[in-house]
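Residue strings, one per chain:
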Amino acid sequence: MNRRTLLLSLGAAALAGAPPTQGAAQPAHPLDASWQAWKSLCLSQDGRVVDGFQNAASHSEGQGYGLAMAAMLDDRPAFDAILDWTQRNLAIRDDALMAWRWQPDATPQVQDRNNASDGDLFLAWGLVIAATRQQRPELTERAGAIARDLLRLCTAPHPGDNGRLLFLPAAAGFRSDARVVVNPSYYMPRAMRELAQATGTPQLAQLADDGVRLIDGLAGAGLVPDWVAFGPAGQVPPPSGFSQNAGYESIRVPLFALWSGKAASPAVRGFAQAAGKTPPGGPYPVVLVPDSGAVIESSTHAGYGAVAALAACAAAGSGPGGVGSAMRPFAKDQPYYPATLHMMALLAQVSHYPTCVPL
């Protein structure tokens, strides 16, 4: 049975959502080889997700991504190692959130105890996935503590619409009387909704809904920027130093919409149109001008192309007779960030888009 036939024959729930059947031998996950390759690139034996392009630092983002993927792929040894390293090295705040960065060549190795909300969100999501799949209810309690502190410390009323919430990138540094700064790629609707349901925190589901509305509005004017800000009168420029391009941050917006099953999202359609002009072999656009789609910077790393190819296939509405996507199989010749995007795009594909298999 070839890869295409195998992926089409397996249900999405069995691939990435439902717990394994107890007492029965489990077939290898169709992404197992890709996962093993990702671990060889990015994961140390002690559970640290290493970003080689950032001086071998580790971030709560990477730890959260790794934990969620390990849970989905039923890799309990990797899950436990990632969770243990994260708890020992980043869970050093007075709340349930993680310090955002650990540097191997610094003393102390955590220089800034501020958190990164997307890392905390993915970490909590990984915990609730594993709580069900591994039958470990105590993990849900830990996830609930993170969810409650995200709501308490990392949300703010929209200054121009008191009925809506904004997801702050961190507990400190992104809110003032003049504006609230937001990173649209920190919203992951599926993770927020599943975490809300599992932990009894419905405000997280509201945050997901408000985030989708925010992103849809931004996508109506072009590609979603890396950073945006809002004041009492509406959208305002973010502070100096915050990218207003559609770049390395915002590529996660269409990816997370796809992973949430929202192929019709304006952000997906806009990104597919802008990135779809690239030949399958790359180079792939990674930094673009939001209103025109003009390419500022490109990369040959396959992970960026994987997101673009999945967006193009899903946005086209490929049905059961579809011919697949131009997404390459997982490539080892790329660093942490595009490798992780690649792995997440493959997980999104098997979860929601069975005909968009890599060809």
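All residue numbers refer to position in the chain's written sequence, counted from 1. Reporting in this predicted model follows two pLDDT cut-offs: at least 70 for local features of residues, and 80 or more for side-chain atom pairs to be given and counted; totals over whole chains, interfaces and linings ignore these cut-offs and use all residues. Side-chain numbers come from the whole structure's heavy atoms, not from hydrogens or water.

## Overview of the side chain of Ser299
Stage number 1. Structurally, the position occupied by Ser299 is in strand E9 (residues 295-299).
Stage number 2. By the criterion applied in these results, polar contacts are pairs of N or O atoms within 3.5 Å in which, for protein atoms, one can donate a hydrogen and the other can accept it, and in which residues neighboring in sequence qualify only through two side-chain atoms. There is a polar contact of 3.1 Å between the side chain of Ser299 and the backbone nitrogen of His301.
Stage number 3. It only takes one pair of heavy atoms within 4.5 Å for two residues to be counted as in contact. Each residue touching Ser299, except ones within four places of it in the same chain, is listed here: Pro283, Tyr284, Val286 and Tyr304. The secondary structure listing takes helices from DSSP runs of H or I that are at least 4 residues long and strands from runs of E that are at least 2 residues long, numbered from the N terminus.

## Things to note about the sheet that holds strand E5 (residues 180-182)
Stage number 1. One requirement defines pairing of two strands: DSSP has to find at least two bridges between them. Judged by pairing direction, the sheet is antiparallel, and its three strands sit side by side in the order E5-E6-E7 without closing on themselves. Strands at the two margins of the open sheet, each flanked by one partner only, are E5 and strand E7 (234-236). If you compare each strand with its neighbour and ignore which way they point, the axes differ by 40 degrees on average.
Stage number 2. One ladder, built from three bridges, connects E5 with strand E6 (residues 228-231); its direction is antiparallel. Its bridge partner being in E6, Val182 is matched across the sheet by Val228. Axis lines are fitted to C-alpha atoms, over the contacting stretch for helices. Their N-to-C directions set the angle, which ranges from 0 to 180 degrees.

## Overview of the pairing of E6
Stage number 1. Classification of residues uses two cut-offs on accessible area relative to the type maximum, computed with a 1.4 Å probe and protein chains only: under 20% is buried, over 50% is exposed, and between them is partly exposed. In E6, alternate side chains face the same way, and those of Val228 and Phe230 on one face and Ala229 and Gly231 on the other are all buried.
Stage number 2. Counting the residues in the hairpin turn of E6 and E7 gives two residues.

## Quick look at the nonpolar core
Stage number 1. In this text, buried Ala, Val, Leu, Ile, Met, Phe, Trp, Tyr and Cys residues form a nonpolar core when linked through side-chain atoms within 4.5 Å. One finds Trp38, Trp125 and Trp259 to be the most contacted residues of the largest nonpolar core, which totals 109 residues.
Stage number 2. Counting residues per element, this core draws most heavily on helix H13 (residues 336-352), at 11 residues.
Stage number 3. The next biggest cluster of nonpolar side chains, apart from the first, holds five residues, and it includes Phe174, Val181, Trp227 and Ala229.

## Some thoughts on helix H6 (residues 117-133)
Residues separated by three or four positions in an α-helix point in the same direction, a consequence of the helix having 3.6 residues per turn.
Stage number 1. How far a helix is expected to stretch is found by multiplying one less than its residue total by 1.5 Å. Look at H6: 24 Å from first C-alpha to last across 17 residues, which is about the 24 Å you get at 1.5 Å a residue.
Stage number 2. With 16 of 17 residues buried, H6 is to be regarded as a mostly interior element.
Stage number 3. At the exit of H6 stands Gln135, carrying a positive phi of roughly 55 degrees.

## A short note on the pattern of salt bridges
Stage number 1. Counted as salt bridges are all cases of a side-chain nitrogen of Lys or Arg within 4 Å of a carboxyl oxygen of Asp or Glu. Applying the stated criterion across every chain yields a total of 14 salt bridges.
Stage number 2. In this structure, Arg136 engages Asp80 in a salt bridge whose closest nitrogen and oxygen atoms are separated by 2.9 Å. In this pair, Arg136 is assigned in the loop between H6 and helix H7 (138-153) and Asp80 in helix H5 (residues 76-89), connecting sequence segments 56 residues apart.
Stage number 3. Notably, a salt bridge pairs Asp210 with Arg213, separated by 3.8 Å at the nearest N-O pair. Of the two residues, Asp210 and Arg213 are both situated in helix H9 (residues 202-219); the distance of three residues between them amounts to about one turn of the helix.
Stage number 4. The class for Arg213 is partly exposed, based on a relative accessible area of 48%.
Stage number 5. Put simply, Glu61, Asp118, Glu249 and Arg252 are held in one network by salt bridges that share partners.

## Focus on the side chain of His158
Stage number 1. Structurally, the position occupied by His158 is in strand E3 (residues 155-158).
Stage number 2. The residues contacting His158, other than those within four sequence positions of it, are Arg164, Leu165, Leu166 and Phe230.

## Considering the packing of helix H10 (residues 252-259) against helix H11 (residues 266-275)
Stage number 1. Where H10 contacts H11, the axes come no closer than 8 Å and their chain directions differ by 125 degrees. Judged by the inter-axis angle, H10 sits oblique to H11. Where H10 crosses over H11, the two elements pack in a sense that is left-handed. Counted together, Val253, Pro254, Ala257 and Leu258 of H10 and Ala267, Val268 and Phe271 of H11 form the full contact between these two elements.
Stage number 2. Under this grouping Gly is polar, as are all residues other than the nonpolar Ala, Val, Leu, Ile, Met, Phe, Trp, Tyr, Cys and Pro and the charged Asp, Glu, Lys and Arg. Residue composition of the contact of H10 with H11, by class: seven nonpolar, no polar and no charged. With respect to orientation, any angle under 35 degrees is reported as roughly parallel, any angle over 145 as roughly antiparallel, any angle of 65 to 115 as roughly perpendicular, and every other angle as oblique. Two helices that cross are described as forming a left-handed crossing if the nearer one is turned anticlockwise from the farther one by less than a right angle, and a right-handed crossing if clockwise.

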